[in-house]
Amino acid sequence: MNLLNAMLLQAQGQGGGLSGIIMIVAMIVIFYFFMIRPQSKKQKEIKKAREAMQNGDKVITAGGIHGKIKDISDDTILIDIAPGVSIKVDKTSVYPAGADKAEKK
């Protein structure tokens, strides 16, 4: 541990500003590859799955309601949740029922 402290002190004395900037840039790059990039990738997959939904597909709403798509309009979806019972929900709050099973494989 003393060797590490000595190296850090020497680096600060001979150009600590540059090494500090390099560390910050490295942290930003690591943050991007481990947090931001996977999240944007997952959002693209969900968007692609929503665009591929058709009448009769099984879906799950953000509230956890399971059903089948009865009708799709521009920004809403009509879902049958029981015989004779349909609900109208926003398209962005609906997920394909098999999407989470495919990710686990």
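Residues numbered from 1 in each chain as written. Predicted model: local features only at pLDDT ≥ 70, side-chain atom pairs only at ≥ 80, totals over all residues. Heavy atoms only, no water.

**Here's the deal with the confidence of the model for the protein chain**
Detailed reading of the predicted model is not advised wherever pLDDT is low.
So, step 1. Taken over all residues, the pLDDT of the protein chain has a mean of 83, while the share at 70 or more is 78%.
So, step 2. pLDDT under 50 marks residues 101-105. Its contacts with residues more than four places away, or in other chains, come to two contacts. (pLDDT = per-residue confidence, 0-100. Contact = heavy atoms within 4.5 Å.)

**So, the pairing of strand S1 (residues 58-61)**
So, step 1. When S1 meets strand S2 (residues 66-72), the two strands line up antiparallel, connected through three bridges. The residue bridging Val-59 from the neighbouring strand is Gly-67, located in S2.
So, step 2. Counted between consecutive antiparallel strands, the loop separating S1 from S2 contains four residues, among which Gly-64 sits at a positive phi close to 95 degrees.
So, step 3. One ladder, built from three bridges, connects S1 with strand S5 (residues 94-96); its direction is antiparallel. Of the residues in S5, the one forming a bridge with Thr-61 is Val-94. (Pairing = 2+ DSSP bridges. Helix = DSSP H or I, 4+ residues; strand = E, 2+ residues; numbered from the N terminus.)

**So, the side chain of Thr-76**
So, step 1. Of note, Thr-76 is situated in strand S3 (residues 76-82).
So, step 2. At a separation of 2.6 Å, a polar atom in the side chain of Thr-76 contacts the side chain of Ser-73.
So, step 3. Not counting residues up to four positions away in its chain, the partners in contact with Thr-76 are Asp-71, Lys-88, Val-89, Asp-90 and Lys-91. (Polar contact = N/O pair within 3.5 Å; in protein donor to acceptor, adjacent residues only side chain to side chain.)

**Brief notes about the pairing of S3**
So, step 1. In the sheet, S2 pairs with S3 via four bridges, with the strands oriented antiparallel. Bridging across to S3, Ile-72 finds its partner in Ile-77.
So, step 2. Hairpin connection, S2 to S3: the antiparallel pair is bridged by three residues.
So, step 3. Note: S3 against strand S4 (residues 85-90), six bridges, orientation antiparallel. Across the sheet, the residue bridging to Ala-82 is Val-85, located in S4.
So, step 4. With antiparallel pairing between neighbouring strands as the criterion, S3 and S4 make up a hairpin whose turn holds two residues, including Gly-84 at a positive phi of roughly 80 degrees.

**Concerning the sheet that holds S3**
So, step 1. With antiparallel pairing, the five strands of this open sheet are ordered in space as S4-S3-S2-S1-S5. Edge positions in the sheet fall to S4 and S5, since each of these pairs with one other strand and no more. Between one strand and the next, the sheet's axes are offset by a mean angle of 45 degrees, whatever the strand orientation. (Axes fitted to C-alpha atoms, helices over the stretch in contact; angles between N-to-C directions.)

**Description of the nonpolar core**
So, step 1. With seven residues, the main nonpolar core is built from Met-53, Val-59, Ile-69, Ile-77, Ile-79, Val-89 and Val-94.
So, step 2. Apart from residues no more than four positions distant in its own chain, Ile-77 is found in contact with Met-53, Ile-69, Asp-71, Ile-72, Ile-87, Lys-88, Val-89, Lys-91 and Val-94. (Core = buried A, V, L, I, M, F, W, Y, C linked by side-chain atoms within 4.5 Å. Buried < 20%, exposed > 50% of the residue type's maximum accessible area, 1.4 Å probe, protein only.)

**What to know about the environment of Ile-69**
So, step 1. Mapped onto the elements, Ile-69 comes out in strand S2.
So, step 2. As a C-alpha pair, Ile-69 and Lys-88 span 19 residues in sequence and 9.9 Å in three-dimensional space.
So, step 3. When near neighbours in sequence (up to four residues on either side) are disregarded, Ile-69 contacts Met-53, Gln-54, Asn-55, Gly-56, Asp-57, Val-59, Ile-77 and Leu-78.

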